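A look at the structure
Listed here are the chains, written in short residue letters.
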Amino acid sequence: MELQARILRLAGLSGPGVSGAAARLAVFIVVYVASDWISNIDPQTTFGFTLWNPPAALALFLGLVWRWRALPAIAISAALSGILIRGYALDLHSAWVTPAVLSVGYAALGNALAARTDASAPFAEPMSALAFMLLAIFGAGGIAVLHVGVFAAFGFLDPSLLLALSTRSWIGDATGIAVMLPVLVQFGAVRAEEGWRDIATADTFGAIAAAVTLAGMAILGPGATTNLAYLVILPVVWVAVRRGLSATLATLFAIQCAIILFIVQDEAADTAFSEFQVLIVVVAMTGLILGTAVGHIRRSADDLARARAEGDRLARLTAVGALGSAIAHELSQPLFAIRTASHVLMRGLERDGGTGEMLRAARTIESQIEQASARIRALRAEFQSAGPLPSVFDLVVAARQAARIVDGGAAMARGQLTVEDSPPVPVRADRAHIAYILDNLFRNALAAIRTRGAGGRVRVAFGAGDDIVRVEVVDNGVGISEDLAGRLFEPMVTGRHDGVGLGLFIGRTLAELNDGALSHRATNGGGATFVLELPAGAKP
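Residues numbered from 1 in each chain as written. Predicted model: local features only at pLDDT ≥ 70, side-chain atom pairs only at ≥ 80, totals over all residues. Heavy atoms only, no water.

Re the overall build of the protein
Each helix and strand counted, the protein has 20 helices and seven strands in total. Looking at the protein as a whole, 46% of its 540 residues are labelled buried. Intrachain contacts of the protein at a sequence separation of at least 6 include 74% that bridge at least 24 residues. Of the roughly 26,400 Å² of accessible surface on the protein, a fraction of 62% belongs to carbon and sulfur atoms. (Helix = DSSP H or I, 4+ residues; strand = E, 2+ residues; numbered from the N terminus. Buried < 20%, exposed > 50% of the residue type's maximum accessible area, 1.4 Å probe, protein only. Contact = heavy atoms within 4.5 Å. Areas by Shrake-Rupley, 256 points an atom, 1.4 Å probe, with all protein chains shown as cover.)

Quick word on the packing of aromatic side chains
Enumeration according to the criterion identifies two aromatic pairs in this entry. Ring geometry for Phe28 and Tyr32: centres 5.8 Å apart, planes at 45°, overall tilted. Taken together, the positions of Phe28 and Tyr32, both in helix H2 (residues 20–38) and four residues apart, correspond to about one turn of that helix. A single burial state applies to Phe28 and to Tyr32, both of which are buried. With a centroid separation of 5.7 Å and 45° between ring planes, the pair formed by Phe138 and Trp170 is classed as tilted. (Phe/Tyr/Trp six-rings, centres within 6.5 Å; stacked < 30°, edge-to-face > 60°.)

Quick notes on the packing of helix H9 (residues 202–220) against helix H12 (residues 245–265)
As a packed pair, H9 and H12 sit with axes 9 Å apart at the nearest point and diverge in direction by 25°. If you check the angle between H9 and H12, you find them roughly parallel. The interaxial crossing formed by H9 with H12 has right-handed handedness. Here Thr204, Ala207, Ile208, Ala211, Val212, Ala215, Gly216, Ile219 and Leu220 of H9 lie close against H12, whose contacting residues are Ala247, Ala250, Thr251, Ala254, Ile255, Ala258, Ile259, Phe262, Ile263 and Gln265. (Axes fitted to C-alpha atoms, helices over the stretch in contact; angles between N-to-C directions. Parallel < 35°, antiparallel > 145°, perpendicular 65-115°, else oblique. Left-handed = near helix turned anticlockwise from the far one by under 90°.)

Considerations on the sheet that holds strand E2 (residues 417–419)
Pairing in this open sheet of five strands is mixed, and the strands run E2-E4-E5-E7-E6 from one edge to the other. Of all strands in the sheet, those with a lone pairing partner are E2 and strand E6 (517–522), marking the two edges. When the angles between neighbouring strand axes are averaged without regard to direction, this sheet yields 20°. Summarising the sheet, E2 and strand E4 (residues 458–464) pair through three bridges and their orientation is parallel. Considered in E4, the bridge of Leu417 is made with Val458. Against the sheet, helix H18 (residues 431–448) makes contact with E2, E4, strand E5 (468–475), E6 and strand E7 (528–535), and its axis sits at roughly 20° relative to E5, the strand it touches most. Contacts from helix H20 (residues 503–513) reach E6 and E7, with the element oriented near 130° to E6. (Pairing = 2+ DSSP bridges.)

Considering helix H6 (residues 126–153)
The periodicity of an α-helix, 3.6 residues per turn, causes residues three or four positions apart to be oriented the same way. Taking 1.5 Å of rise per residue, 28 residues should cover 40 Å, and H6 covers 40 Å from first to last C-alpha, within 8% of that figure. One or two residues past the end of H6 sits Gly155, with phi positive at roughly 80°. (Expected span 1.5 Å × (residues − 1).)

Comments concerning the pattern of salt bridges
Between side chains of opposite charge, a pair can form as their charged atoms come close. Evaluated as defined, the whole model comprises seven salt bridges. Measuring nitrogen to oxygen at the nearest pair gives 3.1 Å for the salt bridge that ties Arg243 to Asp203. On the criterion of sequence distance, the pair formed by Arg243 in helix H11 (residues 233–243) and Asp203 in helix H9 is long-range, its members being 40 residues apart. Residue Arg243 is classed as partly exposed on the basis of its relative accessible area of 26%. Under the relative-accessibility criterion, Asp203 is labelled buried at 12%. Between Glu472 and Arg521 there is a salt bridge, with its nearest N and O atoms 3.5 Å apart. On the criterion of sequence distance, the pair formed by Glu472 in strand E5 and Arg521 in strand E6 is long-range, its members being 49 residues apart. Assessed through its relative accessible area of 41%, Arg521 is described here as partly exposed. Through salt bridges that share partners, Asp203, Arg242 and Arg243 make up one connected network. (Salt bridge = Lys/Arg side-chain N within 4 Å of Asp/Glu carboxyl O.)

Observations regarding the confidence of the model for the protein
With 72% of its residues at a pLDDT of 70 or more, the protein shows a mean pLDDT of 75. For residues 6–18, every residue scores under 50 in pLDDT, and the model assigns this stretch 19 contacts once sequence neighbours within four places are set aside. (pLDDT = per-residue confidence, 0-100.)

Thoughts on the side chain of Thr248
For Thr248, the position within the fold is in helix H12. Once residues within four sequence positions are removed from consideration, Thr248 is found in contact with Val236, Val239, Ala240, Gly287 and Gly291.

Things to note about the pairing of E5
Consecutive residues of a regular strand have side chains that alternate between opposite faces of the sheet. In terms of burial, E5 is largely enclosed, as six of its eight residues are buried. Strand direction decides the pairing type here: E4 and E5, joined by seven bridges, are antiparallel. When the sheet's bridge partners are listed, Val460 is paired in E5 with Val473. Once E4 ends, the chain turns through three residues before running back antiparallel as E5. Where E5 and E7 come together, eight bridges link them in antiparallel fashion. Pairing of Val473 across the sheet is with Phe530, part of E7.

Digging into a nonpolar patch on the surface
Taken together, Ile76, Leu80 and Leu84 make up a surface patch of nonpolar side chains, about 260 Å² in accessible area. In this structure, Leu84 sits in helix H4 (residues 71–84). (Patch = residues over 30% accessible without salt bridge, like charges linked within 9 Å, V, L, I, M, F, W, Y side chains within 5 Å.)

Structural notes on unusual backbone geometry
Here Arg67, not a glycine, exhibits a phi torsion of approximately 60°, which is positive. The residue Arg67 is located in the loop between helix H3 (54–66) and H4 in this model. Non-glycine residue Asp515 carries a positive phi angle of around 60°. Assignment of secondary structure puts Asp515 in the loop between H20 and E6.

Considering the nonpolar core
Tyr106, Ile177, Leu181 and Ile259 are the most contacted members of the largest nonpolar core, which totals 66 residues. Beyond its immediate stretch of four places on either side in the chain, Leu181 contacts Ala57, Leu60, Phe61, Phe132, Ala136 and Gly176. By size, the runner-up hydrophobic cluster in this structure holds 41 residues, among which are Ile449, Val469, Leu484 and Ile506. (Core = buried A, V, L, I, M, F, W, Y, C linked by side-chain atoms within 4.5 Å.)

Here's what the structure looks like:
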């Protein structure tokens, strides 16, 4: 219910002294009836089918947020709106049946949307946004048929007009939903300051001004046609690329309001009622999908940057820990020998009657060696204390993500780095550790094929057994010499002039920390193959 809470905070409906349910109901009714009154411009029939029907978006949004609890609010709002705005008689049809159809329809559609999508972020990526909006718009079509069917059932219209009026009602609802529903969901799902930060810019205001001007020229100008009005897509595309979804939705809302006002001013334009409805829906969907795509790309870029930074941090920590542990191990050996020699020296001095000064010096040496050994043991334990944080994830997905990070995805786009299609390969390991290993293997392989030019290829393949899964990184590059192959995983050993010799050392260390292994073998015909083996995770 975080989405609902944010909307209520924006409306000033949360806080001390406010009765939650009653206040929410009252505000929704007022907003619903007011929006119906504002949009009741040149209704096409006595039943009020207009060019723009934002109450449909409000009802659907409430159904999405409150689910079935939205039934009373939608029913009461629809009844009051019909009686006060459209002058319906206070009878069974107007007071009960029509409101009941609308409330049940939009509450059910809201439940369907919530069940199929993430209601807090349906516009996280383009395909989910498209699915969300198509379900909303076509679901509204079914509600429109039921709504108009009630009028026919009660004898208020000729049944032969059912299809034509249902279509007109649906397009009007779709026009309202196409713009208003994304606005409500987006500004409920993001923090207010985030949305306004993109809107309150010269880019957004410039796009709105350009779009309104183009719409005015298309509708009010000499020789104006509906086709000319499609030029408003240009500023929508521009602001979507520049500022993302929030600014795009603000621009779409301004375009929608401007088109409606211009049509009211121009009686000739009123004859193109359906054409302008289609225009609004097409422009809205274009801007919505493009704005969502731009936002998705930006978030993906941020995620990649964070992953790269985390990988670098992990590499530094692992290198320090591994080298520190190795240094501690190397120092412990001579310290043990020195401590043994000092012990023998002190016992000899005691036996042969050595001077007090010599005995004190020998005891000091032995004491200092004991302290140094204790410090080294503590440091070694500290270096080895930070273990992995294992989780179960798909190794294929992890490899594709790592491949997109390398070279900004350019190697995949050129076809030089190919991740083979594979069923899911669940693995149990530390995701950050595996991401670092794969990133290092991919970079090494791409560096190895550089001398082959366009003919260089890196292939990533997967395999799975009962307890072990593996990923193989195979390249057709220069290969690794025999004398280097035996020391490949040692620290400070590298075959690259620009390498530091820690990547594979850290990679094998991380693989072993995750109960896995990292190995190398030569590739037939030249090149190298690196194999990462890890414990299999539970299959979903």
